[in-house]
Structure formats: C-alpha cells, structure tokens
Amino acid sequence: MPCFAIEGVVPVIDPSAYVHPTAVLIGDVIIKARCYIGPCACLRGDFGRIVIEAGANVQDTCVIHGFPDQDTVVEENGHIGHGAVLHSCVVRRDALVGMNAVVMDEAEIGAQAVVAACAFVPAGTRVAPRTLVAGVPAKTIRALTDDELAWKLEGTKTYHDLTRRSLSSLQEVLPLAAIEPDRPRLKAPSVQSLIATKRG
C-alpha cells in the first residue's frame with residue numbers, strides 16, 4: 001500500500017492487521033493488532049501521531065489527521081464508519097463513529113458511545129460513555145440500550161472477521177466478462193443493520 005516516511009518517521013503496522021492496498025499511511029501512524037484499515041482511507045501522521053488500537057476498524061474513505069503534539073487515537077475495538085473524519089481527537093474503546101461523521105480537535109468520544117451518521121462533533125466536546133449523539137452540531141440524544149451496545153459489538157466482530165478474511169484471501173484480479181454458473185456467495189458472518197435488528 002502507499003506508505004510514506006516523513007523526517008525518518010515510518011508507519012508501523014502489526015502483522016495481524018489488514019491495511020488495504022489503496023489506503024495511504026504517512027509518517028507517525030501506528031496500527032496495532034487485528035485492525036482493519038479500509039480502501040482509500042488516509043491516515044496522515046505528518047503533524048501529530050495517529051494510533052489505531054487493537055481490533056479497531058477504520059473503514060473506506062476515512063480521513064484521520066491532527067495537529068502537532070496532539071495524538072489522534074482510536075482505542076480498542078473502536079469502529080470508524082465509511083467516510084468519517086477524525087482530527088486531533090480521541091475515540092475511546094468500543095465506541096462507534098458513524099458514516100460521514102466529523103469529530104473535531106480535542107473532542108473525546110466516550111467508551112461505548114455512538115456518534116450518528118453525518119453528525120458534527122465540535123472541538124472540545126466530551127461525549128459521555130454509552131450515549132448516542134447526533135446532529136449538526138452533535139447533541140446528546142439518549143443513553144444506549146444493552147441491545148444497541150451488543151449490536152455494535154457484533155458489527156465490530158464482523159470487521160475482526162473481515163481482517164482475517166482479507167489477510168487470507170483478498171487479492172487483486174481482472175474482472176470476469178460474464179457471470180459464471182453457480183456463482184458462489186461470500187462467507188461473511190451474519191449481521192444486520194440496526195433497523196433490521198430492532199424489527200426482529
């Protein structure tokens with residue numbers, strides 16, 4: 001993948017992590033064990049350090065950056081949805097930042113909290129653990145239920161599985177010209193959207 005040193009500082013990727021070949025890592029970036037970094041994610045450690053703790057996932061087209069002398073951290077099992085932007089902030093363990101959400105400088109997303117899709121978390125905001133925030137700017141909506149926390153954990157586990165699947169079988173290929181007979185389905189684990197889960 002595109003991986004660049006700056007001023008002699010080289011990104012670090014644990015061998016058990018998966019980083020997609022189109023992701024870009026620059027400088028002071030540390031990817032710990034069993035992480036998943038998706039296609040076209042950009043982790044720019046050219047000012048401040050970026051740390052992705054064990055089991056976290058950073059999905060496709062996410063951007064992570066920060067100011068000098070400020071670490072941007074996603075703690076263990078943090079879940080960063082498609083297209084999210086993190087800047088000089090901390091996402092605590094088991095928290096989820098939804099698709100296209102933005103978390104700004106010195107914000108802290110508490111453990112097991114959820115930032116809704118498209119939310120904007122202003123600089124310096126402290127999101128309490130186990131709460132849902134949404135909106136522009138993000139406001140606390142309510143406490144999360146045990147069922148919602150369990151759903152989040154299941155979603156994160158599917159990315160743990162995707163890390164293993166990608167390390168073992170993902171490869172660049174030429175596309176087929178036609179659908180083959182008896183085309184197989186992927187062996188992904190069963191997981192539902194939150195709305196489908198609530199419907200039962």
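It should be noted that the structure appears before, not after, this text.
**A word on the pairing of strand E6 (residues 42-52)**
- One ladder, built from 7 bridges, connects strand E4 (residues 24-31) with E6; its direction is parallel. Of the residues in E6, the one forming a bridge with Leu-25 is Leu-43.
- Here 2 bridges tie E6 to strand E8 (residues 63-65), and the two strands are oriented parallel to one another. Within E8, the position partnered with Cys-42 by the bridge is Val-63.
- Here 3 bridges tie E6 to strand E9 (residues 72-74), and the two strands are oriented parallel to one another. Among the inter-strand pairings, Ile-52 is bridged to a residue of E9, identified as Val-74.

**Some remarks on the environment of Ala-41**
- Along the chain, Ala-41 turns up in the loop between strand E5 (36-37) and E6.
- For Ala-41, a relative accessible area of 1% puts it in the buried group.
- Once the C-alpha coordinates of Ala-41 and Gly-27 are considered, the two residues, 14 residues apart in sequence, prove to be 15 Å apart.
- When neighbours within four sequence positions are excluded, Ala-41 is seen to be in contact with Ala-23, Val-24, Val-58, Gln-59, Thr-61 and Cys-62.

**A closer look at the packing of aromatic side chains**
- Across all of its chains, the model carries 2 aromatic pairs by this definition.
- Here the aromatic rings of Tyr-18 and Tyr-36 are separated by 5.9 Å at their centres, their planes lie at 25°, and the arrangement is stacked. In this pair, Tyr-18 sits in strand E3 (residues 18-19) while Tyr-36 sits in strand E5, placing the two residues 18 residues apart along the sequence. The same class applies to Tyr-18 and to Tyr-36, which are both buried.
- Chaining the aromatic ring pairs together yields one cluster made of Tyr-18, Tyr-36 and Tyr-159.

**A short note on unusual backbone geometry**
- For the peptide bond that leads from Val-136 to Pro-137, omega is -5°, which places it in the cis range.
- Note that Pro-137 resides in the loop between strand E19 (131-134) and strand E20 (139-143).
- Despite not being glycine, Thr-61 shows a phi value in the positive range, around 65°.
- Summarising the element assignment, Thr-61 is placed in the loop between strand E7 (57-58) and E8.
- We classify Thr-61 as partly exposed; its relative accessible area is 45%.
- For Asn-100, which is not a glycine, the phi torsion comes out positive at approximately 60°.
- When you line up the elements, Asn-100 lands in the loop between strand E13 (96-97) and strand E14 (102-103).

**A look at the pairing of E20**
- A small share of E20 lies buried, amounting to 0 of its 5 residues.
- By the bridge criterion, 4 bridges tie E19 to E20 in an arrangement that is antiparallel. Among the inter-strand pairings, Leu-132 is bridged to a residue of E20, identified as Arg-142.
- Between E19 and the antiparallel strand that follows it, E20, lie 4 residues; Gly-135 among them carries a positive phi value of about 105°.

**Structural notes on the pattern of salt bridges**
- Going through the model one piece at a time under the given rule, you end up with 12 salt bridges.
- In this structure, Arg-92 engages Glu-75 in a salt bridge whose closest nitrogen and oxygen atoms are separated by 2.5 Å. In this pair, Arg-92 is assigned in the loop between strand E12 (90-91) and E13 and Glu-75 in the loop between E9 and strand E10 (79-80), connecting sequence segments 17 residues apart.
- One salt bridge in this structure joins Arg-183 and Glu-180, with 2.9 Å as the shortest N-O distance.
- Overall, the relative accessible area of 30% leaves Glu-180 in the partly exposed class.

**Some remarks on the side chain of His-20**
- Mapped onto the elements of the fold, His-20 is located in the loop between E3 and E4.
- Exposure remark for His-20: the relative accessible area of 17% places this residue in the buried category.
- There is a polar contact of 2.8 Å between the side chain of His-20 and the side chain of Thr-22.

Conventions and cut-offs
Residues numbered from 1 in each chain as written. Predicted model: local features only at pLDDT ≥ 70, side-chain atom pairs only at ≥ 80, totals over all residues. Heavy atoms only, no water. Pairing = 2+ DSSP bridges. Helix = DSSP H or I, 4+ residues; strand = E, 2+ residues; numbered from the N terminus. Buried < 20%, exposed > 50% of the residue type's maximum accessible area, 1.4 Å probe, protein only. Contact = heavy atoms within 4.5 Å. Phe/Tyr/Trp six-rings, centres within 6.5 Å; stacked < 30°, edge-to-face > 60°. Salt bridge = Lys/Arg side-chain N within 4 Å of Asp/Glu carboxyl O. Polar contact = N/O pair within 3.5 Å; in protein donor to acceptor, adjacent residues only side chain to side chain.

No statement about biological role is implied by the geometric values presented.
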